[in-house]
Amino acid sequence: MMRTFLALVRRDLALATRVGGAGGLSLVFFLMVVTLIPFGLGPDLNLLSRIGPAILWIAGVLATLIGLDRLFQADEEDGSLDLMRLSPAPFEVVVLAKATAHWLATGLPLAVFAPLFGLLVALEPAALARTALSLLIGTPALTFAGAIGAALAASIRRGGLVIAILVVPLMVPTLIFGVAAGDPTNPASAQALTILAALTLATGAIGCIGAAAALRGGGE
Amino acid sequence: MLTRLANPATFMRVSGYALPVLAVAAALLGAYGLYLAFLASPADYQQGETVRIMYIHVPAAWLSLLFYSIMAVSALGTLVWRHPLADVSQRAAAPIGAAFTLVCLVTGSLWGKPMWGTYWVWDARLTSVLVLFLMYCGILTLWRALDDPGRAARAVAILTLVGAVNIPIVKFSVEWWSTLHQGASVFRVGGPLVDPAMLRPLFAMALAFTCFGTALHLAGMRTEILRRRVRRLTLLQAERLERAAA
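Here the structure is a predicted model, which is why all the values come from computation and not from measurement. (Residues numbered from 1 in each chain as written. Chains lettered and ligands numbered in written order. Predicted model: local features only at pLDDT ≥ 70, side-chain atom pairs only at ≥ 80, totals over all residues.)

Draft legend 1. Fine view of the overall build of chain B. Across its full length, chain B carries 7 helices and 0 strands. Reading the helices (α) and strands (β) of chain B from amino to carboxyl end gives α-α-α-α-α-α-α. Counting only C-alpha atoms, chain B reaches 80 × 40 × 30 Å along its principal axes. Burial analysis of chain B (246 residues in total) assigns 36% to the buried set. Restricting to contacts in chain B with at least 6 residues of sequence separation, those with at least 24 account for 75%. (Helix = DSSP H or I, 4+ residues; strand = E, 2+ residues; numbered from the N terminus. Buried ≥ 20, exposed ≤ 12 C-beta atoms within 10 Å, placed from the backbone. Contact = placed C-beta atoms within 7 Å.)

Below you can see the structure in the form of structure tokens.
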């Protein structure tokens, strides 16, 4: 089971980083959104630094959304998903592996580069560290919630927009606690961080079971 | 009782009797409730006449949740027992629930303007109802996007159940986030805070809404069953024509 998991993660990471993959793409998209918001709001650094954690988190949500439509669809189309269905490992493990690889290719780079992009919106060092930490803990929840939508829409040809409509309501709690945990002036930010971790774990369980159930239904 | 009703033929027969009864009950109760709400109940000492919006707003809010619960139970029926009627029930409930949620949001915002001075605030309850509405939209979207009925039933059932877990989490998180709307004032420990003169029209309207919603749900289910029969018959007809041609 562990071997299946690791093999799948390695395969998906290789697919994401090689030609035609979307690995670096979401990072560039993240940068685009962070750059776009000051153009809309005006160059007021005080305002930007106050809403900085929110900008980074919303950019994170949008960046997670863009790669999602291919998460299961590519494998559904070329038949690899049918082979994974036949594998002796539980299908939930397959989903977990694919979601983990997706997070390693999109969520983790966002969290790692968040301190750098935070400088663009004039975040204080304390806020930079907290926002990066909250993104590191919270973005897996976004990916797992997204995996449910991706699994439900795997057989829809133009599923990207449908996925966004399905999963954004599921991401609302993560966004609330993520932004709260990133704001060092918030007295309850430590509390928010623990709730964020709880959300990641709960979404992980629900996401893997739900997505696996949806994909099993798709193969019938 | 329920197992017997779960047979589509029995369901069609029983619902055929129940539907007109429920529709008439909804009309009578609605007329009585509206009479109480507009003529026979006092204006609020603070809110004046605008308090009468409550008699539409609150029942709509209750029903928006009731219909999501109906959908969640039906989703279990689809996933666990694979019962076709459960899918029909869920399919009929979704647009009705979405409509009641929209009515709740619109009347609430019309009530908010004179009371809070604004049509919309990002308060906990308003936000969680808005998210509920978005989830209804997602469910309706997914249905339209999947063309195979069996697959759509399963996918929507999974989404509904995930949403049922999500609703309390959203409610909890937005309450943590911001609160302006008044707390529960009818179903609470220590009895209702609302005056009996206002409770009576409220309950009459709630009952009328429930009868109305149930009647719509039954009508929707009957239509859906008939639509599936037509689809099956059309497919059979096409097969027969193909065989005759060959």
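Draft legend 2. Quick look at the overall build of chain A. If you tally the helices and strands in chain A, you get 10 helices and 0 strands. Shown N-terminal to C-terminal, the secondary structure of chain A runs as helices and strands in the order α-α-α-α-α-α-α-α-α-α. Oriented by its inertia axes, the alpha-carbon framework of chain A measures out at about 55 × 35 × 30 Å. For chain A, with 220 residues in total, the buried portion stands at 52%. Counted over contacts in chain A with a minimum sequence separation of 6, partners at least 24 positions apart contribute 79%.

Draft legend 3. Region of interest: the interface of chain B and chain A. In this assembly, 22 residues from chain B lie in contact with 20 residues from chain A. Secondary structure elements with two or more residues in the side of chain B that touches chain A: helix H5 (124-145) and helix H6 (149-177) of chain B. Top element by residues in the side of chain B that touches chain A is H6 of chain B. It accounts for 13 residues. Of the residues contributing to the side of chain B that touches chain A, the split by class is 16 nonpolar, 4 polar and 2 charged. (Nonpolar A, V, L, I, M, F, W, Y, C, P; charged D, E, K, R; others polar.)

Draft legend 4. Examining the packing of helix H3 (residues 54-81) of chain B against helix H4 (residues 84-116) of chain B more closely. Residue and element names in this part refer to chain B. Direction vectors running N to C along H3 and H4 enclose 160 degrees, while the axes themselves pass 7 Å from each other. What the angle tells us is that H3 and H4 run roughly antiparallel. Judged by the twist between their axes, the crossing of H3 over H4 is left-handed. Of the residues assigned to the contact of H3 with H4, the class counts are 18 nonpolar, 11 polar and 1 charged. (Axes fitted to C-alpha atoms, helices over the stretch in contact; angles between N-to-C directions. Parallel < 35°, antiparallel > 145°, perpendicular 65-115°, else oblique. Left-handed = near helix turned anticlockwise from the far one by under 90°.)

Draft legend 5. How the structure looks around the confidence of the model for chain A. Of all residues in chain A, 96% have pLDDT values of 70 or greater, and the mean over the chain is 86. Mean pLDDT values for the elements of chain A range from 84 in helix H4 (residues 73-78) of chain A up to 91 in helix H8 (residues 125-152) of chain A. (pLDDT = per-residue confidence, 0-100.)

Draft legend 6. A look at the nonpolar core. Counting 132 residues, the largest nonpolar core has Ile148, Ala151 and Leu152 of chain A together with Leu142 of chain B as its most contacted members. Those residues in contact with leucine 142 of chain B, other than ones at most four positions away along the chain, are Leu152, Val162 and Leu166 of chain A together with Ala155, Val156 and Leu159 of chain B. (Core = buried A, V, L, I, M, F, W, Y, C linked by C-beta atoms within 7 Å.)

Draft legend 7. Expanded view of H6 of chain B. Across its 29 residues, H6 of chain B extends 40 Å between first and last C-alpha, which sits within 8% of the 42 Å expected from 1.5 Å per residue. The principal kink in H6 of chain B, of about 25 degrees, is found at asparagine 166 of chain B, preceding the proline proline 168 of chain B by one to four residues. (Expected span 1.5 Å × (residues − 1). Bend = angle between axes of the 7 residues up to and from the residue.)

Draft legend 8. Structural context of the confidence of the model for chain B. Put simply, chain B has an average pLDDT of 84, and 90% of its residues get 70 or more. Across the assembled chains, the prediction reports ipTM 0.80 with pTM 0.83.

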